[in-house]
Amino acid sequence: MFKGGFIQNLPKIYGLYTGGFIVFIGLMAIMESAGVSAASIGIMFVAFTVCIYALIGYLSRTIQVDAYYVAGRQVPTVFNGMATAADWMSGASFVAMAGGIYFGGYTYMAFLVGWTGGYVLVSTLLAPYLRKFGCYTVPDFIGTRYGGNLPRFAATLVLVLASFTYVTAQINATGTIASRALQIPFELGVWVGLISILLCSMLGGMRAVTWTQVAQYIVLIIAYLIPIFWMGSKLGNVFPHFMLGDEVQRLAELEAQFGLTKNAAADIKSAGVPGGLKYISNPHSAVPAGGMAVWKYLSLAICMMVGTASLPHILMRYFTTPSVKSARKSVAWSLFFIFLLYFSAPMLATLSKLQIMDPNLPTAIIGKSIAEVEMIPWVQNWAAVKQVFIADFNGDGILQLNEWFMRGDVVVLATPEVAGLPYVISGLVAAGGMAAAMSTADGLVLAISNCLSHDIYYKIIDPKADVRKRLIVARVLLVVIGALGAYIASMRLTSILGAVAWAFDFAMSGLFFPLVLGVWWKRANTAGAVAGILGGLAAGTAYLIYVGPKFMAQTPWLGIDHLRFGIVGSIVSLVLIVVVSLMTKEPNAATQKMVDDVRVPSGRAILGKQH
Amino acid sequence: MSNKDAHWQKTKNHMIVTLAIWFFFSIVIFMFGSAVNQASFLGYPLAYYMSAQGSLAAFVVLIFWFANKQEKIDDEHGYGGEREDD
């Protein structure tokens, strides 16, 4: 049934895989109705999918340098789009985004615009040119374009800082999901998560990560969409995305009816609300008034967009396509696959909010008596693990909107239960969350270890190393970095490691302008690049320490808070790279010729297949 | 002007047009968020809709359009080679 090579058969292979997964879901549903416990179904979902990824990882093993670093540059456009989408959508996107919209409303949705709009920058300014360059890693481009080890080293520094900020949160998420689904302690869950991640990446590098990410995308998108469509149809909306206008307006009415009250911090503290739990105090669809609110929205969107275009684990996915043309198309497909999840998240938030707020629905809890709400099984389950909390501030025994506290993640994880869907859906959601967190962690760990092994070990320390030695170093680094991330995650230090948004700000501070000007401005030279990368990174980091709530906690300047420090970093980076380049000698003729060649979409890559 | 320069000129213009459209959907609409929200689309307030779906969809369409048009520019100048030889 499979004629021709692996690449020709991809649609068939993944078609079969998708069919197999759907059969598996059906099988689980049958087992549930036959009386198999919810816990065993959860274990089977996570264990089965992780074993499949590990199998794909094993089958993709390789001893070729270009297969290990860039999947042999033969990943077809659409499949690279799916892999990028899985690489991109982290545990945070899958588990936390709908929760963010749930509590933040319109204001939070700046993240949606930012995390999609950035791909326009990737496709117009960077991806096709970096593909033409033929580099293995992002610092490989910086190092070759600007010449010398210093720019390469500086770019590596930014890459490691940005990616590592991001990866511990992902390993933490795999640990959380593994521990809940497999019913093991969190510390053990983190290491189970790490082993799963390494199984997917160690033997085959980028090639293995690519093919597991495609498989993970399929699982995560099915797991995200099924509950939404199911819940939508229960409420009488066959295609919720286009039919929730009335529901959004209804939420605005309900907000007016219940009132959006802000709780005093002292009240929250004295009531003993567990950390990280939130309550609804922002309007769902109304735009907050005032110029500052507009600036906060726009500045967050800008940071996320520019950060997207600078994150190495995303850019390196476009090194794997066969040509410049397919790199461009692949960006479009990536965004399409990301869009499928992102435009569903607000609908999930809307449906889920309505379920608990609308007194006409049987699932409503707001406005009911607290004694009654505390008897509901899902409330009891989640209250037991301190994920939801009720504080009767006004002492009237009725649950008000500002008295209901919940962790954002619960929106995705508990919605199937709240809406009364069968447990098989909760198991599916756990498998989806695991897929999302694992695929991003894979991409990040690989980005860091590839960069250290190629740019630091091979290009700077030992340029004479043979292929075998290079790949051994790459794999050892992969394990070491993964273990370091898991160790930090298992110490539960993530709360002081900062937000996922920081990764975007670090990347944008140090890499955006050096990358873009490397292609679009021939005059940019070595000294300018070094000043731009290090200066931007230093300025951004200094500003983060100045405003960061866990550091000096000073009043942000113009509303640029710790989520937006990349604005400061990238402006400093732009000014430095332009001024220093103009003050020093223009790049030599060979470099200028190289930039000219990068701009021509056809012909040979600048760096050869083996370098 | 050589073929190479003409191609680069067109590529640059195409990039600028694409980024102008991007700027409209990512920045301009939300600059006037409260005014835009007065209008409605499919029953959703418009600024909410754009932030939840509209701008996102616009970006998807925009990148496909960008890639297709850039391919035409490449073909016109003889740079449309399918596969790299590296």
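Everything numeric here is computed off the predicted structure, so don't read it as measured data.

Draft legend 1. Inspection of helix α20 (residues 410-418) of chain A at higher detail. All names here are of chain A. The buried fraction of α20 is high, at eight of nine residues. Along α20, the positions that sit buried rather than exposed are Val 410, Val 411, Val 412, Leu 413, Ala 414, Thr 415, Pro 416 and Val 418. Of the residues one or two after α20, Gly 420 is the one with positive phi, at around 75°.

Draft legend 2. Up close: the packing of helix α8 (residues 149-182) of chain A against helix α24 (residues 500-520) of chain A. Residues and elements named next belong to chain A. Interaxial distance between α8 and α24 falls to 8 Å at its minimum, and their mutual angle equals 170°. Here α24 runs roughly antiparallel to α8, going by the angle between their axes. Counted together, Ala 155, Val 158, Leu 161, Ala 162, Thr 165, Tyr 166 and Ala 169 of α8 and Val 500, Trp 502, Ala 503, Phe 504, Phe 506, Ala 507, Gly 510 and Leu 511 of α24 form the full contact between these two elements. Of the residues assigned to the contact of α8 with α24, the class counts are 13 nonpolar, two polar and no charged.

Draft legend 3. Molecular detail of the nonpolar core. Residues and elements named next belong to chain A. Membership of the largest hydrophobic core comes to 228 residues, with the highest contact counts inside it found for Phe 45, Trp 88, Phe 94, Tyr 342 and Trp 404. Broken down by element, this core gets its largest block of residues, 17 residues, from helix α21 (residues 423-461). The contacts of Trp 88, once residues within four sequence positions are left out, are Trp 115, Tyr 119, Tyr 166, Thr 308, Leu 311, Ile 314, Ile 338, Tyr 342, Thr 440 and Phe 504.

Draft legend 4. View of the confidence of the model for chain A. Model confidence for chain A is summarised by a mean pLDDT of 86, while 97% of its residues fall at 70 or above. Looking across chain A, the model is least confident in helix α23 (residues 494-497) of chain A, with a mean pLDDT of 48, and most confident in helix α26 (residues 566-583) of chain A, with 94.

Draft legend 5. Structural view of the packing of aromatic side chains. Residues and elements named next belong to chain A. Summed over the entire model, instances satisfying the criterion amount to 38 aromatic pairs over all chains. On the basis of an interplanar angle of 80° and a centroid distance of 6.1 Å, the ring pair of Tyr 14 and Tyr 17 is categorised as edge-to-face. Note that Tyr 14 and Tyr 17 are positioned in helix α1 (residues 10-33) at a spacing of three residues, about one turn of the helix. Classification of Tyr 17 as buried rests on a relative accessible area of 16%. Here Phe 506 and Phe 565 contribute two aromatic rings whose centre-to-centre distance is 5.2 Å and whose plane-to-plane angle is 70°, an arrangement assigned as edge-to-face.

Draft legend 6. Structural view of the confidence of the model for chain B. Residue and element names in this part refer to chain B. Chain-level statistics for chain B give a pLDDT mean of 87 and a share of 93% at 70 or above. Averaged over each element, pLDDT in chain B is lowest for helix α2 (residues 33-36) (82) and highest for helix α1 (residues 3-31) (93). Across the whole predicted complex the pTM is 0.91, and at the interface the ipTM reaches 0.93.

Draft legend 7. Fine view of the interface of chain B and chain A. Contact with chain B, which involves 47 residues of that partner, is made by 62 residues of chain A. Buried surface at the junction of chain B and chain A, both sides included, amounts to about 4900 Å², of which 68% is carbon and sulfur. The tally of links from chain B across to chain A stands at three salt bridges. Measuring nitrogen to oxygen at the nearest pair gives 3.1 Å for the salt bridge that ties Asp 74 of chain B to Arg 328 of chain A. Listed by contribution, the elements that provide at least two residues to the side of chain B that touches chain A are α1, α2, β2 (44-45) and α3 (46-76) of chain B. Counting residues per element, the side of chain B that touches chain A draws most heavily on α3 of chain B, at 19 residues.

Draft legend 8. Summary view of the side chain of Ser 310 of chain A. Residue and element names in this part refer to chain A. Of note, Ser 310 is situated in the loop between α14 (291-308) and α15 (312-315). On the accessibility criterion, Ser 310 (0% relative accessible area) is buried. The contacts of Ser 310, once residues within four sequence positions are left out, are Leu 315, Ala 507, Met 508, Leu 511 and Phe 512.

Draft legend 9. Looking closely at the pairing of strand β3 (residues 404-407) of chain A. Residue and element names in this part refer to chain A. Pairing analysis gives two bridges linking strand β1 (residues 277-278) to β3, with the strands arranged antiparallel. Residue pairing in the sheet places Leu 277 in a bridge with Arg 407 of β3. Summarising the sheet, strand β2 (residues 388-390) and β3 pair through three bridges and their orientation is antiparallel. Each residue of the ladder has a partner; that of Phe 389, found in β3, is Phe 405.

Draft legend 10. Geometry of helix α2 (residues 38-59) of chain A. All names here are of chain A. Along its 22 residues, α2 runs 32 Å from first to last C-alpha, staying within 8% of the 32 Å computed at 1.5 Å per residue. Within the span of α2, buried status applies to Ile 41, Gly 42, Phe 45, Val 46, Thr 49, Val 50, Tyr 53, Ala 54, Ile 56 and Gly 57. Taken together, the buried residues of α2 touch α1, α8, α9 (186-201), α10 (205-234) and α21.

Draft legend 11. Broad picture of the sheet that holds β3 of chain A. Read across the sheet, three strands follow the order β1-β3-β2 (chain A) without closing on themselves; strand pairing throughout is antiparallel. Since the sheet does not close on itself, it has two edges, and those belong to β1 and β2 of chain A, each with one partner.

Draft legend 12. Inspection of unusual backbone geometry at higher detail. Residues and elements named next belong to chain A. With a phi close to 55°, Ala 71 is a non-glycine residue in the positive phi region. Take Ala 71: it is sitting in the loop between α3 (65-70) and α4 (77-88). Residue classification places Ala 71 among the buried positions, given a relative accessible area of 3%.

Draft legend 13. How the structure looks around the pattern of salt bridges. Taken as a whole and assessed by the stated rule, the structure comprises 13 salt bridges over all chains. Notably, a salt bridge pairs Arg 152 of chain A with Asp 140 of chain A, separated by 3.0 Å at the nearest N-O pair. Of this pair, Arg 152 of chain A sits in helix α8 while Asp 140 of chain A sits in helix α7 (residues 138-146), and the two are 12 residues apart along the sequence. We note a salt bridge from Lys 329 of chain A to Glu 71 of chain B, for which the minimum N-O separation is 3.5 Å. Note that Lys 329 of chain A is positioned in helix α16 (residues 324-342) and Glu 71 of chain B in helix α3, a pairing that runs across two chains. Lys 329 of chain A sits in the buried class, given a relative accessible area of 19%. Residue Glu 71 of chain B is classed as buried on the basis of its relative accessible area of 14%. Salt bridges here are not isolated pairs; linked through shared partners, they connect Asp 140, Arg 152 and Asp 455 of chain A.

Draft legend 14. A look at the environment of Arg 523 of chain A. All names here are of chain A. Topologically, Arg 523 is positioned in the loop between α24 and α25 (526-547). Taking the C-alpha atoms as reference points, Arg 523 and Pro 422, 101 residues apart in sequence, are found 62 Å from one another. Excluding its chain neighbours within four sequence positions, the residues that come into contact with Arg 523 are Ser 581, Leu 582, Thr 584, Lys 585, Glu 586 and Pro 587. There is a polar contact of 2.9 Å between the side chain of Arg 523 and the backbone oxygen of Ser 581. At 2.9 Å, the side chain of Arg 523 forms a polar contact with the backbone oxygen of Thr 584.

Each value, and the rule that gives it
Residues numbered from 1 in each chain as written. Chains lettered and ligands numbered in written order. Predicted model: local features only at pLDDT ≥ 70, side-chain atom pairs only at ≥ 80, totals over all residues. Heavy atoms only, no water. Buried < 20%, exposed > 50% of the residue type's maximum accessible area, 1.4 Å probe, protein only. Helix = DSSP H or I, 4+ residues; strand = E, 2+ residues; numbered from the N terminus. Axes fitted to C-alpha atoms, helices over the stretch in contact; angles between N-to-C directions. Parallel < 35°, antiparallel > 145°, perpendicular 65-115°, else oblique. Contact = heavy atoms within 4.5 Å. Nonpolar A, V, L, I, M, F, W, Y, C, P; charged D, E, K, R; others polar. Core = buried A, V, L, I, M, F, W, Y, C linked by side-chain atoms within 4.5 Å. pLDDT = per-residue confidence, 0-100. Phe/Tyr/Trp six-rings, centres within 6.5 Å; stacked < 30°, edge-to-face > 60°. Buried area = accessible area lost by both parts, 1.4 Å probe. Salt bridge = Lys/Arg side-chain N within 4 Å of Asp/Glu carboxyl O. Pairing = 2+ DSSP bridges. Expected span 1.5 Å × (residues − 1). Polar contact = N/O pair within 3.5 Å; in protein donor to acceptor, adjacent residues only side chain to side chain.

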